[in-house]
Amino acid sequence: MTVEIDKAGPKDAPPPAPENIKAIPVRHYGRWVTAVVIIGVLASIVYAFSQGDVNWGAIPDYFFDDRILKGAGMTVWITIASMVLGVVLGILLAVMRLSKNPVNAAIAWGYIWFFRGTPVYVQLLVWFNLGLIFHYINLGPIYQDEWSDFMTPFLAALLGLGLNEAAYMAEICRAGLLAVDEGQTEAAHALGMSHAKTLRRIVLPQAMRVIVPPTGNEFINMLKTTSLLAVVQYGELLRGAQDIAQDSGSTTEMLFLAALWYLILTSVLSVGQYYLERYYARGSSRHLPMTPLQRIRVNLFSFSNRSAGGVGTS
């Protein structure tokens, strides 16, 4: 007689409780060494400047000076105006560059070749000093005036920065247009849409997710490039700081002050760029990236959970 033994035990018995898993975190000794080295270098720099002959009190004293605030406002204004000119011309040049018309393509290529091949500092000097060879501007019945009255510091700055930026924006926009699948254009034409309407309603909206990130970088770079406008006597932020430095004798301190203002302005633009990129990523990403506030909230909650619960169990 054969007796079958149930090795699994009684069917009504509960399953054994799982053992606690002791998770041992991976040691990243290299991170700690790198952090110590970086902190040491930063501490050395701070100590060196603390021992230098720097009047740190001059920075908060002139931080909201009228010349600084006016210069910051004029910096933002010329940045926006130059970028608008650069973006509009850049889109036009990109379309011309991709045109099947060889004349339009050649003109766009020549424009980009010239303005990308010459320094923006030289272009600013050329626009500002054209009065040496043209004493008057004569557009017939439309406009007539002396060149010195026509080419103001603002106009010289706008043309120097805006036309140069258009060459770079043309290549950025061209890359964005080429990133859109040709099938989109063919489908739009099959529905009877014109070339201009296809470009405006189909191609450009899809190209924006490629165009926006480098355009934001160009915007920030344009803000910093305005520091060159002192050469055309435009009253931007750096020029205001230099004027204060001549009156107060705090040359280095005012340069630090200008650098701090540039950091503030570029940080604001960086935040705007992030949310603009997030907006245009809606059509291509299933999950949008978290905002800075959401990241802070998640990190705080995860840190509090680790502190309260210790090592997790499974």
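These notes cover the structure that comes with them. For clarity, every value in this text was computed on a predicted model and none was experimentally measured.

1. So, the nonpolar core
Inference 1: Grouped together as the largest cluster of nonpolar side chains are 38 residues, with contacts concentrated most on Ile 78, Leu 93, Tyr 111, Met 151, Leu 161, Leu 229 and Val 232.
Inference 2: For this core, the elements supplying multiple residues, two or more each, are α3 (66-97), α4 (102-117), α5 (120-128), α7 (153-179) and α9 (195-225).
Inference 3: The leading source of residues in this core is α7, at 14 residues.
Inference 4: Among the nonpolar cores identified, the runner-up in size contains 15 residues, and Ala 58, Phe 63, Ile 68 and Ala 241 belong to it.

2. A closer look at the packing of aromatic side chains
Inference 1: Taken as a whole and assessed by the stated rule, the structure comprises 13 aromatic pairs.
Inference 2: Between Phe 49 and Phe 256, the aromatic rings sit 6.0 Å apart at their centres with planes inclined by 70°, giving edge-to-face as the arrangement. Placement of Phe 49 in helix α1 (residues 29-51) and of Phe 256 in helix α11 (residues 251-280) is noted, with a sequence separation of 207 residues between them.

3. Some points on unusual backbone geometry
Inference 1: Look at Gln 233: it is not a glycine, yet its phi comes out positive at around 65°.
Inference 2: Looking at where Gln 233 falls in the secondary structure, it is placed in the loop between α9 and α10 (237-248).

4. A closer look at the pattern of salt bridges
Inference 1: One pass over the structure, following the stated rule, counts four salt bridges.
Inference 2: We note a salt bridge from Arg 67 to Asp 65, for which the minimum N-O separation is 3.2 Å.
Inference 3: A relative accessible area of 33% places Arg 67 in the partly exposed class.
Inference 4: In this structure, Asp 247 engages Arg 67 in a salt bridge whose closest nitrogen and oxygen atoms are separated by 2.7 Å. Residue Asp 247 is found in helix α10, and its partner Arg 67 is found in helix α3; the two are separated by 180 residues along the sequence.

5. Details of the packing of α3 against α10
Inference 1: Between α3 and α10, the shortest axis-to-axis distance is 7 Å and the interhelical angle comes to 160°. As far as their axial angle goes, α10 and α3 are roughly antiparallel. As for the relative orientation of α3 and α10, their crossing is right-handed in sense. On the side of α3, the interface is formed by Arg 67, Ile 68, Gly 71, Ala 72 and Thr 75, while α10 contributes Leu 237, Gly 240, Ala 241, Asp 243, Ile 244 and Asp 247.

6. With respect to the side chain of Asn 164
Inference 1: Examined against the element boundaries, Asn 164 turns out to sit in helix α7.
Inference 2: Using a relative accessible area of 10% as the deciding quantity, one classes Asn 164 as buried.
Inference 3: When near neighbours in sequence (up to four residues on either side) are disregarded, Asn 164 contacts Phe 115, Thr 118, Val 120, Gln 123 and Leu 159.

7. Describing the packing of helix α8 (residues 182-190) against α9
Inference 1: It is the contact of α8 with α9, at a shortest axis distance of 10 Å, that shows an interaxial angle of 145°. Relative to α9, α8 is oriented so that their crossing is right-handed. Along the contact surface, α8 presents Gln 184, Thr 185, Ala 188 and His 189, while α9 presents His 195, Thr 198, Ile 202, Val 203 and Gln 206.
Inference 2: Tallied by class, residues from the contact of α8 with α9 come to three nonpolar, six polar and no charged.

8. Considerations on a nonpolar patch on the surface
Inference 1: On the surface, a nonpolar cluster with roughly 740 Å² of combined accessible area is contributed by Val 33, Val 37, Ile 38, Val 41, Leu 42, Ile 45, Phe 49 and Trp 56.
Inference 2: Mapped onto the elements of the fold, Ile 38 is located in helix α1.

9. Description of the side chain of Thr 225
Inference 1: Along the chain, Thr 225 turns up in helix α9.
Inference 2: Of the residues examined, Thr 225 reaches a relative accessible area of 15% and is grouped as buried.
Inference 3: Filtering out sequence-adjacent residues up to four positions away, Thr 225 remains in contact with Val 120 and Leu 161.

10. Quick word on α10
Inference 1: Between its first and last C-alpha atoms α10 spans 17 Å; for twelve residues at 1.5 Å apiece the expected length is 16 Å, and the two agree.
Inference 2: Along α10, the residues classified as buried are Leu 237, Leu 238, Gly 240, Ala 241, Ile 244 and Ala 245. Buried residues of α10, seen end-on, are gathered within an arc of 160° and therefore sit on one face of the element. Turned more than 90 degrees from where α10 packs its buried face, Gln 246 and Asp 247 sit exposed.
Inference 3: Taken from the residues just after α10, Gly 249 is the one with a positive phi, measuring 80°.

11. Examining the environment of Ala 94
Inference 1: Tracing the chain through its elements places Ala 94 in helix α3.
Inference 2: The spatial distance from the C-alpha of Ala 94 to the C-alpha of Leu 177 is 8.3 Å, given a sequence separation of 83 residues.

12. Side note on the environment of Gly 240
Inference 1: Among the secondary structure elements, Gly 240 is positioned in helix α10.
Inference 2: Each C-alpha atom of the pair Gly 240 and Asp 66 lies 8.9 Å from the other, and the pair is 174 residues apart in sequence.
Inference 3: Apart from residues lying up to four places away in sequence, Gly 240 is in contact with Arg 67 and Ile 68.

Reading guide: rules and limits
- Residues numbered from 1 in each chain as written.
- Predicted model: local features only at pLDDT ≥ 70, side-chain atom pairs only at ≥ 80, totals over all residues.
- Heavy atoms only, no water.
- Core = buried A, V, L, I, M, F, W, Y, C linked by side-chain atoms within 4.5 Å.
- Buried < 20%, exposed > 50% of the residue type's maximum accessible area, 1.4 Å probe, protein only.
- Helix = DSSP H or I, 4+ residues; strand = E, 2+ residues; numbered from the N terminus.
- Phe/Tyr/Trp six-rings, centres within 6.5 Å; stacked < 30°, edge-to-face > 60°.
- Salt bridge = Lys/Arg side-chain N within 4 Å of Asp/Glu carboxyl O.
- Axes fitted to C-alpha atoms, helices over the stretch in contact; angles between N-to-C directions.
- Parallel < 35°, antiparallel > 145°, perpendicular 65-115°, else oblique.
- Left-handed = near helix turned anticlockwise from the far one by under 90°.
- Contact = heavy atoms within 4.5 Å.
- Nonpolar A, V, L, I, M, F, W, Y, C, P; charged D, E, K, R; others polar.
- Patch = residues over 30% accessible without salt bridge, like charges linked within 9 Å, V, L, I, M, F, W, Y side chains within 5 Å.
- Areas by Shrake-Rupley, 256 points an atom, 1.4 Å probe, with all protein chains shown as cover.
- Expected span 1.5 Å × (residues − 1).
- Arc of directions from axis to C-beta.

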